[in-house]
Amino acid sequence: MTGKQTKSDALVWFGCTGDLGLKMTFPALFRMERRGMLEIPIVGVASSQWTHDDLVQRGRESVEQFGGGLHDDRDAAAFDRLAARLAYVDGDYGDDATFVQVGKLLDASKAIRPAHYLAIPPGLFQTVITALGRAGLADEGRVIVEKPFGRDLDSAQELSRVVHTVFPEERVFRIDHYLGKESVLGIMYARFANSMLEPFWNRDMIDSVQITMAEDFGIAGRGKFYEGVGALRDVVQNHVLQIVTLLAMEPPVDIEAGSVRAEADKVLRAIDPLASGDLVRGQFDGYRSEAGVAADSDVETFAALRFEIDNWRWGGVPWFVRAGKNLPVRATEARIRLRKPPAKIFPGDHVPTGGSDYVRIRVTPDGQLALGLRTKEPGPEFVGEMGELLLHSEAGPELTAYERLFGDALAGDQTLFTSVAGVESAWEIVDGVTRDHAPAERYPIGTWGPVESVDRLIGRHGPWYDPEPSATY
Ligand code: BG6
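The structure presented is a predicted model; accordingly, all values stated were derived computationally and were not measured. (Residues numbered from 1 in each chain as written. Predicted model: local features only at pLDDT ≥ 70, side-chain atom pairs only at ≥ 80, totals over all residues. Heavy atoms only, no water.)

## Notes on the overall build of the chain
Broken down by element type, the chain carries 13 helices and 15 strands. Relative to a compact globule of 473 residues, whose C-alpha radius of gyration would be 23 Å, the chain shows 24 Å and is just as compact. Reported as C-alpha extents along the three principal axes, the dimensions of the chain are approximately 80 × 50 × 40 Å. The buried share among the 473 residues of the chain stands at 55%. Here the chain displays about 20,600 Å² of accessible surface, and carbon together with sulfur accounts for 53% of that area. When the 51 positive and 70 negative side-chain charges of the chain are each reduced to one mean point, those points stand 2 Å apart. (Helix = DSSP H or I, 4+ residues; strand = E, 2+ residues; numbered from the N terminus. Rg over C-alpha atoms; globule rule 2.2 N^0.38 Å. Buried < 20%, exposed > 50% of the residue type's maximum accessible area, 1.4 Å probe, protein only. Areas by Shrake-Rupley, 256 points an atom, 1.4 Å probe, with all protein chains shown as cover. Lys, Arg positive; Asp, Glu negative; His and termini not counted. Charge placed at Lys NZ, Arg CZ, Asp CG, Glu CD.)

## Here we look at the pattern of salt bridges
This structure, assessed with the given rule, holds 28 salt bridges. Among the ionic pairs, R269 bridges to D265, the shortest N-O distance being 3.8 Å. With R269 and D265 both in helix 10 (residues 257-269), this residue pair falls four residues apart, about one helical turn. Overall, R269 belongs to the exposed group, its relative accessible area being 60%. Taking the shortest distance from any N to any O, the salt bridge between D366 and R362 comes out at 2.8 Å. With respect to burial, D366 and R362 carry one shared label: buried. One continuous salt-bridge network, built from bridges that share partners, spans E333, R360, R362, D366 and E388. (Salt bridge = Lys/Arg side-chain N within 4 Å of Asp/Glu carboxyl O.)

## Observations regarding the site of the ligand
What surrounds the ligand is a group of 13 residues, the closest being Y178, K181, E215, R222 and D234. Interatomic distance of 2.5 Å between a side-chain N/O atom of R222 and an oxygen atom of the ligand. A distance of 2.7 Å is found between an oxygen atom of the ligand and a side-chain nitrogen or oxygen belonging to K325. Protein chains shield 83% of the accessible area of the ligand, which is 400 Å² for the free molecule. Among the residues forming the shell around the ligand, the class breakdown is three nonpolar, three polar and seven charged. (Near = heavy atom within 4 Å. Polar contact = N/O pair within 3.5 Å; in protein donor to acceptor, adjacent residues only side chain to side chain. Nonpolar A, V, L, I, M, F, W, Y, C, P; charged D, E, K, R; others polar.)

## What about the domain arrangement of the chain?
For the chain, the domain assignment lists domain 1 (10-146) and domain 2 (179-461). For domain 1 and domain 2, the distance between their C-alpha centroids amounts to 33 Å. On the domain 1 side of the contact with domain 2, R31, M32 and R142 bury the most area, a combined 37% of that side's loss. Note that E403 and R35 form a salt bridge whose closest N and O atoms lie 2.8 Å from each other. At the boundary of domain 1 and domain 2, one finds four residue pairs in polar contact (both at pLDDT 80 or more). Every element with two or more residues in the side of domain 1 that touches domain 2 is listed here: helix 1 (19-34), strand 4 (114-118) and strand 5 (142-146). (Domains from an automatic or database assignment. Buried area = accessible area lost by both parts, 1.4 Å probe.)

## Description of unusual backbone geometry
Trans peptide bonds make up most of the peptide bonds, and negative phi angles are found at most residues other than glycine. The peptide bond linking K147 to P148 adopts the cis configuration, its omega dihedral lying at 0°. Looking at the secondary structure, you find P148 in the loop between strand 5 and helix 6 (153-166). Positive phi, close to 55°, is recorded for K110, a residue that is not glycine. Structurally, K110 can be placed in the loop between helix 4 (96-108) and strand 4. You can call K110 exposed: its relative accessible area is 72%.

## Some thoughts on the sheet that holds strand 10 (residues 318-324)
Here nine strands make up an open sheet; going across it, the order is 14-13-12-11-7-10-9-8-15 and the pairing mixed. Pairing within the sheet leaves two strands with one partner each, and these edge strands are strand 14 (384-394) and strand 15 (441-443). Pairs of neighbouring strands in the sheet enclose a mean axial angle of 20°, with direction left out of account. Direction of pairing for strand 8 (residues 279-284) relative to strand 9 (residues 302-308): antiparallel, over a ladder of four bridges. Within the sheet, the bridge partner assigned to R281 lies in strand 9 and is A303. Sheet strands in contact with helix 9 (residues 230-248) are strand 7 (206-214), strand 8, strand 9, strand 10, strand 11 (331-338) and strand 12 (358-364), and its direction is about 140° off that of strand 7. This element, helix 13 (residues 451-458), spans strand 7, strand 8, strand 9, strand 10 and strand 15 of the sheet and lies at about 10° to strand 9. (Pairing = 2+ DSSP bridges. Axes fitted to C-alpha atoms, helices over the stretch in contact; angles between N-to-C directions. Contact = heavy atoms within 4.5 Å.)

## Focus on helix 5 (residues 125-134)
Taken together, the buried positions of helix 5 are occupied by F125, V128, I129, A131 and L132. In an axial view of helix 5, the angular spread of the buried residues amounts to 165°, which keeps them on one side of the axis. As for helix 5, its buried residues are in contact with strand 1 (10-14), helix 4, strand 4, strand 5 and helix 6. At the exit of helix 5 stands G136, carrying a positive phi of roughly 75°. (Arc of directions from axis to C-beta.)

## A short note on helix 3 (residues 73-85)
Owing to its 3.6 residues per turn, the α-helix aligns residues three or four sequence positions apart on the same side. Its 13 residues give helix 3 an end-to-end C-alpha distance of 18 Å, which sits within 8% of 18 Å, the value for a rise of 1.5 Å per residue. For helix 3, the full list of buried residues reads D75, A78, F79, L82 and A83. Viewed along the axis of helix 3, the buried residues span an arc of 140°, placing them on a single side of the element. Seen from the buried face of helix 3, the exposed residues on the opposite side, beyond 90 degrees, are D73, R74 and A84. Its buried side turned inward, helix 3 meets helix 1, strand 2 (42-46), helix 2 (52-66) and strand 3 (86-90). (Expected span 1.5 Å × (residues − 1).)

## Description of the environment of L369
Tracing the chain through its elements places L369 in strand 13 (residues 367-376). Sequence spacing of L369 and L389 is 20 residues, and the spatial spacing of their C-alpha atoms is 8.7 Å. Other than its neighbours up to four places away in sequence, L369 contacts A190, V359, R360, I361, L389, L390, L391 and H392.

## Concerning the packing of aromatic side chains
The tally for this structure, following the rule as stated, stands at 14 aromatic pairs. The interplanar angle of 75° and the centroid separation of 5.1 Å between the aromatic rings of W314 and W319 together place this pair among those described as edge-to-face. Each member of the pair, W314 together with W319, is buried. An aromatic cluster of at least three residues, connected via ring pairs, comprises F14, Y93 and F99. Here the guanidinium or amino end of K181 rests over the ring plane of Y178, the centre of that ring lying 4.7 Å away. Lying over the aromatic face of Y465, R335 brings its terminal NZ or CZ to 3.9 Å of the ring centre. (Phe/Tyr/Trp six-rings, centres within 6.5 Å; stacked < 30°, edge-to-face > 60°. Lys NZ or Arg CZ within 6 Å of the ring centre and 35° of its normal.)

As structure tokens, this is what we get:
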């Protein structure tokens, strides 16, 4: 969140013809261009045998389908400016001539501090990174790496080793787009810009924490990719654990990258590696018939887990997480449940077993912050019901996650990027259970996963609270 670092003076975009470019990168670059925040040349690189015109055409399709469209002269002018910034290099990543070509384009625009954005399969990271080093394109450059950062602890460490042979850690930017979401950052803001939450934000007052990351769609044609990851690697090791760290961390000294990342890492280090009994895996009916999926696949499309954060603030408080594809709604939500009042004063009143009052924080698809409290129903009896005070609700972010993260990486601000220590600590938590686990249980599409096992996992801290569908999305 600081502006002290030097700015990158070019963006080199490896894998510019891929799906992520269509859905995320082009819309983000276009929005940055429209706000006048993109002042540098962009060199797209791929081996798709495209031309510059093909890339511009892809950009137009992307903005029309995923970036809100081109509505007026201002949009059209912004798109023309973006197209004029784009150059395209077609070439094999294994061929040094590709990098010579990139170097020539950077020289032509007098760029000496490029940011290299790797939107390529992880298997190609090493090839591209070492070639950048050989071509002298890394000397002053930064590297922006897309998740997944490895597929387990060993491969993540190996990946970091390779990256560090060419780029020092202060020039490495690992993207987890959840950290760029307005609503996710709102968690840190709500916690540390107020003093009201702090007195009860600990083991004395909190019964348990639930986090649900539900998606009402399947693997959307990404069978080949998904077979290599599954829910644990795709979203739990990264997005969900980012939410956990922001909910659980101690106040950082300030908002500098080093301070925030140090506190986030302490949370992850206080979580023991999961044991197989802490995990329920599920697979939606029909997953095995998806393209790119093995007929006998045991890959999980749903994971429920429980863990504790073994530190002074959270010791003894169970955390429960559910994440899955083809569930009834699309919503990512945390519910922090407070303990029951210590004495039952109103005999006929029903207070749920696990806890009563709660704080509810929703981060996808809309942002919400709400307090749940019991209030008395009008009438002669002392009976009540849960009511909710919705403190904040926002339909869509001003700044999309990718827009924010690209802007920060180009400015050299690492606050919202995962540190090497953070990535490795997160892998340590899930590493064992990615290999040692019970088979995935089948669940029908549109349900909350293998419900019996998931209910057993939460036990007396239940029930699970199912997020409501969003009114706006
Ligand atoms: C991606 C995963 O990182 O995050 C996807 O690969 C998942 O499987 C997506 O659907 C969820 O992101 P969001 O922002 O839509 O909640």
